[in-house]
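Here's the letter readout for the chains.
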Amino acid sequence: MKTFFLLTICLLACFSSNSQTQPRPSSIAELTDSIQTIVRKRNIPGLMLGIVTKDSVLFSGGFGYADLKNKRAVTGNTLFRMGSITKSFVAIAILKLVEQGKLNLDDRLKDLAPEVPFTNSWENTHPVRVVNLLEHTTGFDDFKFNKMYTLERRAYSSQEMMLQQKASMTCRWRPSERYTYSNINYAILGYIISKLSGKEYGDYLNEHILQPLGMHHSNFNTWSRHPLVDTREYSSASGPLKQVPSVTLMPGAAASLWSSANEMNLFLQSLINSDSRLLSKRSFTRFETPVSSIAARAGLTTGYALGNEDFGTMRGHDGTLGTCKSSYRYSRKLGYGFVLSSNANGLASIESLISAYMAAKYPFLEKPDAPKAVSLNKDKLNQYIGYYQKQDPRFELLAFTDRLLLLKVEIKNDTLQYNILGRTHQLIQTAPLIFRDKWAPQAEIAFATSADGKKVMIVNKKYTEKVSAPKALIWLIVIIVALIFAVSSVFPGLTAILYTLVKKQKSKSLYLFILPMFSVAFLSWGIYVFMQVYNNSYRLFQLAVPSMTAISIFLGFTLFGISTLLNTFQLFKNLKTITNRYKRAFLILIALSLLLIAGTLLTNGWIGLMMWNL
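> What am I meant to see in a nonpolar patch on the surface here?
Taken together, the side chains of I474, W475 and V478 make up a nonpolar region of the molecular surface, amounting to roughly 270 Å² of accessible area. Position of V478 relative to the elements: it lies in helix α15 (residues 469-488). Judged by relative accessible area, V478 falls into the partly exposed class, the value being 36%.

The following block contains the structure:
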């Protein structure tokens, strides 16, 4: 399901990497002209942009409209939903509390806030600590799909927002092992800030971060409360661009920031200059340093730190909330940063365009040389050669699709490489068991051994475990073959119906060809409706109640299960009526394939799934 779309995207990315590169803009005017062209071609209604160096503002403003109906243009003061960029502010607030002596990053959650209803089977040896919440290494599931957005305009306390996410607060593996992004971690951090400061997290962040930096109009609200300066939100998912509701965010501290180009520029400069109004220099270093995952302990310095992560030579965070897509990047070493946000249709290639402009304008800001290579230790690497399977699902409900992706690690011509989706990545060793991709500027790949003794490969933050090659490949092949047979059932079903209509005579075995087709139709319906919501996340509010969308997902998968069982029963009951042995074998293979798919969906909770009851 999700994996099909991910595989397609990855393959397209592979091909596009060899496409013609964009020319570098040589001036702000050329840059903004290029961005304006992208905004027009991608049908982005409104875009805000800020670019700064450590001591100057190169651009602060926007393109297009914040409100199409009233023709209100995007300006440097227009407030956009910054989404998960909020996490950077929450992490800074936690570090401020550390500096004030009110907590320690190694504090256990059960000691600091025993009222948080989490479950950790490894608590005695691998407890959940504050640092795990900050670095997404708790092992918690991400939000349940009915617990992200609502259309209700109701203000919840930090404690209420935290408790709403109780269903996701179970450690699926040992804390301090795998990085897995979870908004639940920051809903809990928002509550901790509230508990230790005696103020709601938004009030504390406003008093200790926004106001000292002069960010007087930015705010932490779970829905739009300032219609004269807030952007409206739009979508073109179902055709023409149209305005959509400004949803209410349920895990508030995870993504509630509204801000503008003018004020985010102030934040960027404070990060670039290690502004003491935010943090001490020591805290700034800790802010950017991941330590709690197995990847960090293996020696990787890249990855997700405290509310920020690395993007090549820069750090920052991305954000999505409603239809707003945002990102910010900064580098103290390079001395510049930028921020973007759109109110529909994403950010396209604007980030890379800005980086190209900065490289052309300031040649001394070119990327530093990649880490030098060290000799490959084949003897030490032999134990890591083999197949690896992704084992860090963000959403437990989709975990089975993640595990369909296999990586093959091998040594060829004295070079370590891994293959995924038919594309080979050659690796260069920079330290013992630490590697970088041949074309990457930094090391983002590491090999390690888990607490269970399993061989682990971390690839660009993703945690994979070594698996038995025959078992993994056989299962993958079986699933692929089952999907092929399931899809192929549509053709004999349609042929049987057409034959009946043309010949005007009813075949006794007609329903044996039609039932599998109905099963596939029900499954396709369920997948289609779910993917429409999943790929247009502002629509998640439709899963909080028994809406037509939520009921369609329930019916699609459930009717698939029922019709598959009915098809199998009827087929084997009336098998003798099919005299052609090839047709009989074909129908049996289709039935078994559908049973396998239904069984997989059933064991992973999709058959009978009522999204509104998650």
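> Can you walk me through the sheet that holds strand β3 (residues 72-73) in this structure?
Strand-to-strand pairing in sheets goes through backbone hydrogen bonds, with the strands running parallel or antiparallel. A sheet is described by the order of its strands in space; here 7 strands give the open sequence β3-β2-β1-β14-β13-β12-β11, paired in antiparallel fashion. Of all the strands in the sheet, just β3 and β11 (309-311) have a single pairing partner and so form its edges. Here β11 pairs with strand β12 (residues 314-321) via 3 bridges, running antiparallel. Residue pairing in the sheet places F311 in a bridge with M314 of β12. Sheet strands in contact with helix α2 (residues 28-41) are β1 (46-53) and β2 (57-67), and its direction is about 25 degrees off that of β2.

> What is the right way to read the nonpolar core from this model?
Across soluble globular proteins, nonpolar side chains show a tendency to be buried alongside one another. In this structure, F89, I94, F145, I188, M264, F267 and W606 are the most contacted members of the largest nonpolar core, which totals 108 residues. Per element, the largest residue contribution to this core is 8 residues, and it comes from helix α3 (residues 86-99). Counting residues in hydrophobic clusters, the runner-up holds 22 residues, among them I38, L49, L347 and I350.

> What am I meant to see in the packing of α3 against helix α8 (residues 201-213) here?
It is at 10 Å that the axes of α3 and α8 come closest, and there the two elements cross at 90 degrees. In terms of orientation, α3 and α8 fall into the roughly perpendicular class. Judged by residue contacts, F89, V90, I92, A93, K96 and L97 of α3 engage Y204, L205, H208, I209 and L210 from α8. For the contact of α3 with α8, a count of residues per class yields 9 nonpolar, 1 polar and 1 charged.

> I keep staring at the packing of aromatic side chains and nothing clicks. Help me out?
Summed over all chains, the structure comprises 23 aromatic pairs. With 5.2 Å between their ring centres and 75 degrees between their planes, F143 and F395 make a pair best called edge-to-face. Linking F143 in the loop between α5 (130-135) and β5 (149-150) with F395 in the loop between β15 (386-390) and α14 (399-402), this pair joins segments that are 252 residues apart in sequence. Among the residues examined, F143 registers a relative accessible area of 7% and is labelled buried. By relative accessible area, which is 6% here, F395 ends up buried. Seen from their ring centres, F395 and Y534 are 6.4 Å apart, and the 75 degrees between their planes marks the pair as edge-to-face. Here F395, found in the loop between β15 and α14, pairs with Y534, found in helix α17 (residues 510-535); they are 139 residues apart in sequence, far enough to count as distant. Judged by relative accessible area, which is 25%, Y534 ranks as partly exposed. Aromatic ring contacts, followed pair by pair, group F143, F145, F395, F530, Y534, F557 and W606 into a single cluster. We note R225 situated over the ring of W223; from NZ or CZ to the ring centre the distance is 4.0 Å.

> Which parts of the structure should I look at to understand empty space enclosed by the protein?
Left-over empty space is what a probe sized like a water molecule reveals as it rolls over the atoms. In this structure the tally under the stated criterion is 1 cavity of 30 Å³ or more. Of the pockets and cavities examined, the largest cavity occupies roughly 200 Å³. For the largest cavity, the lining is made up of 21 residues, of which S293, A295, T302, G303 and K461 are closest to its centre.

> Would you explain the confidence of the model for the protein in this entry?
Low pLDDT means the predicted coordinates in that region are not meant to be read closely. When pLDDT is averaged along the protein, the result is 92; 94% of the residues meet or exceed 70. Overall, residues 2-21 carries pLDDT values under 50, and its contacts beyond four positions in sequence, including any with other chains, amount to 15 contacts.

> Explain the packing of α17 against helix α19 (residues 581-603) here, please?
Angle between the axes and distance between the axes are the two parameters that describe a pair of packed helices. At a closest axis distance of 11 Å, the pairing of α17 and α19 adopts a crossing angle of 25 degrees. As judged from the angle between their axes, α17 and α19 are roughly parallel. Remark: the crossing between α17 and α19 carries left-handed chirality. Together, L512, F513, P516, S519, V520 and L523 of α17 and K583, L587, I590, L594, I597 and L601 of α19 make up the contact between the two elements. When grouped by side-chain class, the residues that make up the contact of α17 with α19 number 10 nonpolar, 1 polar and 1 charged.

> Sorry, what's going on with the pairing of β12 here?
Here is the key point about a regular strand: its side chains alternate between the two faces of the sheet. Counted residue by residue, β12 has 6 buried out of 8 residues, so it is predominantly covered. Counted between consecutive antiparallel strands, the loop separating β11 from β12 contains 2 residues, among which G312 sits at a positive phi close to 70 degrees. As judged from the 7 bridges shared by β12 and strand β13 (residues 324-331), these two strands associate in the antiparallel manner. Bridge pairing in β13 links G319 to S326. Hairpin remark: β12 followed by β13, antiparallel, with 2 residues in the connecting loop; positive phi at G322, about 60 degrees.

> Would you mind showing me how to read the side chain of S292 here?
For S292, the position within the fold is in the loop between α10 (281-287) and α11 (294-298). Engagement of the side chain of S292 in a polar contact is seen with the side chain of E135, the distance being 2.7 Å. In contact with S292, other than residues within four places in its own chain, are V131, N132, E135, T137, S176, E177 and R297.

> I would appreciate a short explanation of unusual backbone geometry in the present structure.
Keep in mind that most residues, glycine aside, have a negative phi and that most peptide bonds are trans. Although it is not a glycine, N413 sits at a positive phi angle of roughly 55 degrees. Judged by its relative accessible area of 75%, N413 falls in the exposed class. Within the chain, N460 stands out as a residue other than glycine whose phi angle is a positive 50 degrees. With respect to the helices, strands and loops of the structure, N460 is situated in the loop between β21 (455-459) and β22 (462-467).

Conventions adopted
- Residues numbered from 1 in each chain as written.
- Predicted model: local features only at pLDDT ≥ 70, side-chain atom pairs only at ≥ 80, totals over all residues.
- Heavy atoms only, no water.
- Patch = residues over 30% accessible without salt bridge, like charges linked within 9 Å, V, L, I, M, F, W, Y side chains within 5 Å.
- Areas by Shrake-Rupley, 256 points an atom, 1.4 Å probe, with all protein chains shown as cover.
- Salt bridge = Lys/Arg side-chain N within 4 Å of Asp/Glu carboxyl O.
- Helix = DSSP H or I, 4+ residues; strand = E, 2+ residues; numbered from the N terminus.
- Buried < 20%, exposed > 50% of the residue type's maximum accessible area, 1.4 Å probe, protein only.
- Pairing = 2+ DSSP bridges.
- Contact = heavy atoms within 4.5 Å.
- Axes fitted to C-alpha atoms, helices over the stretch in contact; angles between N-to-C directions.
- Core = buried A, V, L, I, M, F, W, Y, C linked by side-chain atoms within 4.5 Å.
- Parallel < 35°, antiparallel > 145°, perpendicular 65-115°, else oblique.
- Nonpolar A, V, L, I, M, F, W, Y, C, P; charged D, E, K, R; others polar.
- Phe/Tyr/Trp six-rings, centres within 6.5 Å; stacked < 30°, edge-to-face > 60°.
- Lys NZ or Arg CZ within 6 Å of the ring centre and 35° of its normal.
- 1 Å grid on protein atoms, 1.4 Å probe; cavity = no way out; pocket = protein on both sides within 12 Å on 5 of 7 lines; lining within 4 Å.
- Points joined across faces, edges and corners; volume = space filled by probe spheres on them.
- pLDDT = per-residue confidence, 0-100.
- Left-handed = near helix turned anticlockwise from the far one by under 90°.
- Polar contact = N/O pair within 3.5 Å; in protein donor to acceptor, adjacent residues only side chain to side chain.

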